[in-house]
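Fold and geometry: a report
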Amino acid sequence: MAKRNAKLDDWEVSLVKAMLATGKYRKQEIHSYFSRQGRTINQARISQIASGVIQGDVPAATDAQLSAFLANYDDPAVARRKFLEEDPLHPSAAKMILHAQDGTTPTIGIEENDWTEFKETFGWNSRAAYARTIAAFANNRGGYLVFGVHDESKHIVGLSSDSFKRMDPAVISQYLNQHFAPAIRWQMETVDIFGKSVGLIYVWQAENRPVICTQNHDPLKSADIYYRYVGYSSRINTAELLTILSERDDKIERKWMETMRHIRHIGIDNTAVLDTSNGVVKGPGGSFVIDEALLPKLKFIREGHFSEDSGAPALKLVGEVEPIRGAVGTETGPMGQVPLSDRELIAAFIEQREVHNPKAYIRQLCHVQPKWMPLYYYMSSAKIGPEEAIAILEEEPTSYPARKTAQIDRLRAGQCPVKPSTHVHRKARERLLNKESFDTSDPHDAKKLLVAIQTLSRDEIDQTHIFPLLRECFDKHYGGENSGLTGDIRHAATQLDCELWKPREES
């Protein structure tokens, strides 16, 4: 017997509001999406939701949640799961997943398990403990770290201060990236649950498990792998670790097999590989480069999220194809070919590496985006002067002429980055010159070090002291969340290059 005049759950009300907001659906149509065998919804209820008479505090669903529902509405269980997956921090999703129950004292209706942990308060001094739980969730199936819930009674008490709301997610990301690898995917949100402000951190299962601790900070221990068990987080046991490693191997094998099937279907002679970091497409017949302006527009379909209607937009390449040499930058050495990128240009300089073909590094400056990169070190290795280096750059074909011009102009003018003020940064300079320690894991202290390096003159540079410090900063921060530190590392390397290897008569 059908349940008549059934009440819509909050997540369904969110979807109703999203459908109304599009202006594409009449109330009668909306009603048909939620009435099904065994449950009948009064059509008047849709009008009441539209006018705010009932469940007025429930927010509308996101566009992604609505799209997922429309694709799966005929299977309520799947539709509900997709609603949660598309935005696990949506207030309606959070209420549903936490079994939040209204009453005199609102309560969470579940105990702590392998995907939830409750905290009554939030404080940044406890960041190491939070990070341990976050990493443990990432190594299991993901989960929620919930603030504003009494741990024992599960009463929703709400956040006692605005410290969670004011917390900069970038600061948390920096801390996690400094202490764990690979990077953890997470998101934070403050939501209202029955009039109480609750802080949520949702962690996705890591795509490349296991996530490993890389740095000590009590209770975090370097090389530890944390895992979420029912009600607690701890170092992973052997059985769970073996399962993760087995699943990882299976995943890699499946990807290879799928790739091989595609190649077999297309034909090896018709197959090419796109490197999304630099736009280089390489195949048996040669190579070409997609213009850097188009790279950010390339969108790839996440596994399990493809549909004929909602897949990523196709990219159509239109225009002339110019054969160019050098864009596919490689350095051939004793260990084979090393791809040349801005990272490799910096790394080889910091390591004072004797590269096999220094002219290849000079040519590659026409193809990397940053202007300020080590140059004179590679000129010295190639035993050439500015005029010969300019000739190499002028002869290098490139699809990025502005980059080539910038490097040639820089050489002709003998330009180096502007030095920071020695007066403004005198304290950091003194620490560096006195060989006092810097915490290169701390972004703020790392920045002070990098700026201090840029102020040094040739006679002040102790290479045995400076280069290992710069290498630490490079390993911990280059290409990370803090793009400012990446720029500081490049500028510090370029200043050292100018001071130590630029011919003195040009200084």
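Residues numbered from 1 in each chain as written. Predicted model: local features only at pLDDT ≥ 70, side-chain atom pairs only at ≥ 80, totals over all residues. Heavy atoms only, no water.

**Things to note about the packing of helix 1 (residues 10–22) against helix 2 (residues 27–34)**
To describe two helices that pack against each other, one gives the angle between their axes and the distance between the axes. Running from amino to carboxyl end, helix 1 crosses helix 2 at an angle of 150 degrees, the nearest separation of the two axes being 11 Å. Judged on the interaxial angle alone, helix 2 and helix 1 are roughly antiparallel. Seen from above, helix 1 lies across helix 2 with right-handed handedness. Here Glu12, Leu15, Val16, Met19 and Leu20 of helix 1 lie close against helix 2, whose contacting residues are Lys27, Ile30, Tyr33 and Phe34. Broken down by class, the residue content of the contact of helix 1 with helix 2 amounts to 7 nonpolar, no polar and 2 charged. (Axes fitted to C-alpha atoms, helices over the stretch in contact; angles between N-to-C directions. Helix = DSSP H or I, 4+ residues; strand = E, 2+ residues; numbered from the N terminus. Parallel < 35°, antiparallel > 145°, perpendicular 65-115°, else oblique. Left-handed = near helix turned anticlockwise from the far one by under 90°. Contact = heavy atoms within 4.5 Å. Nonpolar A, V, L, I, M, F, W, Y, C, P; charged D, E, K, R; others polar.)

**Considerations on the pairing of strand 7 (residues 196–203)**
In terms of burial, strand 7 is a largely internal element, 6 of the 8 residues being buried. Two strands pair when backbone bridges link them, and strand 4 (residues 143–147) and strand 7 are joined in this way by 5 bridges, in the antiparallel orientation. Each bridged residue has a counterpart across the sheet, and for glycine 143 the counterpart in strand 7 is valine 203. Bridge analysis of strand 6 (residues 186–193) against strand 7 gives 8 bridges, and the strand direction is antiparallel. Residue pairing across strands places glutamine 187 opposite tyrosine 202, the latter belonging to strand 7. The loop that links strand 6 with its antiparallel partner strand 7 comprises 2 residues; one of these, phenylalanine 194, has a positive phi angle of about 55 degrees. (Buried < 20%, exposed > 50% of the residue type's maximum accessible area, 1.4 Å probe, protein only. Pairing = 2+ DSSP bridges.)

**Notes on the packing of aromatic side chains**
Evaluation of the coordinates by the stated rule reveals 25 aromatic pairs. Arranged with centres 5.6 Å apart and planes meeting at 85 degrees, the rings of phenylalanine 349 and tyrosine 377 form a pair that is edge-to-face. With a gap of 28 residues between them, phenylalanine 349 in helix 11 (residues 342–350) and tyrosine 377 in helix 13 (residues 376–382) connect regions that are remote in the sequence. Of the two residues, phenylalanine 349 and tyrosine 377, both sit in the buried class. Here the aromatic rings of tyrosine 377 and tyrosine 378 are separated by 5.3 Å at their centres, their planes lie at 75 degrees, and the arrangement is edge-to-face. As far as burial versus exposure is concerned, tyrosine 377 and tyrosine 378 are alike and both buried. (Phe/Tyr/Trp six-rings, centres within 6.5 Å; stacked < 30°, edge-to-face > 60°.)

**Points about the sheet that holds strand 6**
Spatially, 4 strands are ordered 3-4-7-6 in an open sheet, and the strand pairing comes out mixed. Whereas interior strands pair on both sides, the edge strands pair on one side only; in this sheet they are strand 3 (116–119) and strand 6. This sheet shows a mean twist of 20 degrees between the axes of neighbouring strands, independent of strand direction. Of the pairings in the sheet, the one linking strand 3 to strand 4 comprises 4 bridges and is parallel in character. Looking at strand 4, one finds that phenylalanine 118 is bridged to valine 146. Lying over the sheet, helix 7 (residues 127–139) contacts strand 3, strand 4 and strand 7, oriented at roughly 155 degrees with respect to strand 4.

**Some words on the pairing of strand 9 (residues 226–229)**
Judged by which residues are buried, strand 9 turns out to be covered on both faces: Tyr226 and Arg228 on one side and Tyr227 and Tyr229 on the other are all buried. Alignment of strand 9 against strand 10 (residues 232–235), held across 4 bridges, turns out to be antiparallel. In the strand pairing of strand 10, tyrosine 227 is matched with serine 234. Counting the residues between successive antiparallel strands, the hairpin from strand 9 to strand 10 contains 2 residues, one of them, glycine 231, with a positive phi of roughly 90 degrees.

**Describing the pattern of salt bridges**
This structure, assessed with the given rule, holds 26 salt bridges. The shortest N-O distance in the salt bridge between arginine 235 and aspartate 224 comes to 3.2 Å. With arginine 235 in strand 10 and aspartate 224 in the loop between strand 8 (212–213) and strand 9, the pair connects residues that are 11 residues apart, well separated along the chain. On the accessibility criterion, aspartate 224 (10% relative accessible area) is buried. (Salt bridge = Lys/Arg side-chain N within 4 Å of Asp/Glu carboxyl O.)

**Comments concerning helix 7**
Its 13 residues give helix 7 an end-to-end C-alpha distance of 18 Å, which sits within 8% of 18 Å, the value for a rise of 1.5 Å per residue. Of all 13 residues that make up helix 7, 10 are buried, and the element is covered over most of its length. Buried within helix 7 are the following residues: Ala128, Tyr130, Ala131, Thr133, Ile134, Ala135, Ala136, Phe137, Ala138 and Asn139. (Expected span 1.5 Å × (residues − 1).)

**Things to note about the nonpolar core**
Counting 53 residues, the largest nonpolar core has Phe349, Tyr378 and Leu432 as its most contacted members. The dominant element in this core, judged by the number of residues it contributes, is helix 19 (residues 483–501), at 8 residues. Excluding anything up to four places from it in sequence, phenylalanine 349 contacts Pro374, Tyr377, Tyr378, Phe467, Ala493, Leu496, Asp497 and Trp501. Membership of the second largest hydrophobic core comes to 28 residues, among which are Leu159, Phe164, Val203 and Tyr226. (Core = buried A, V, L, I, M, F, W, Y, C linked by side-chain atoms within 4.5 Å.)

**Digging into the state of the cysteines**
In this structure the tally under the stated criterion is 1 disulfide. Between cysteine 416 and cysteine 498 runs a disulfide, and the two sulfur atoms are separated by 2.1 Å. Classification of the bridge connecting cysteine 416 and cysteine 498 rests on its S-S torsion, roughly -105 degrees, and on that basis the disulfide is left-handed. Here cysteine 416 is found in the loop between helix 15 (401–413) and helix 16 (426–433), whereas its partner cysteine 498 is found in helix 19, with 82 residues between them in sequence. On the accessibility criterion, cysteine 416 (24% relative accessible area) is partly exposed. Given the relative accessible area of 5%, cysteine 498 is considered buried. (Disulfide = S-S within 2.5 Å.)

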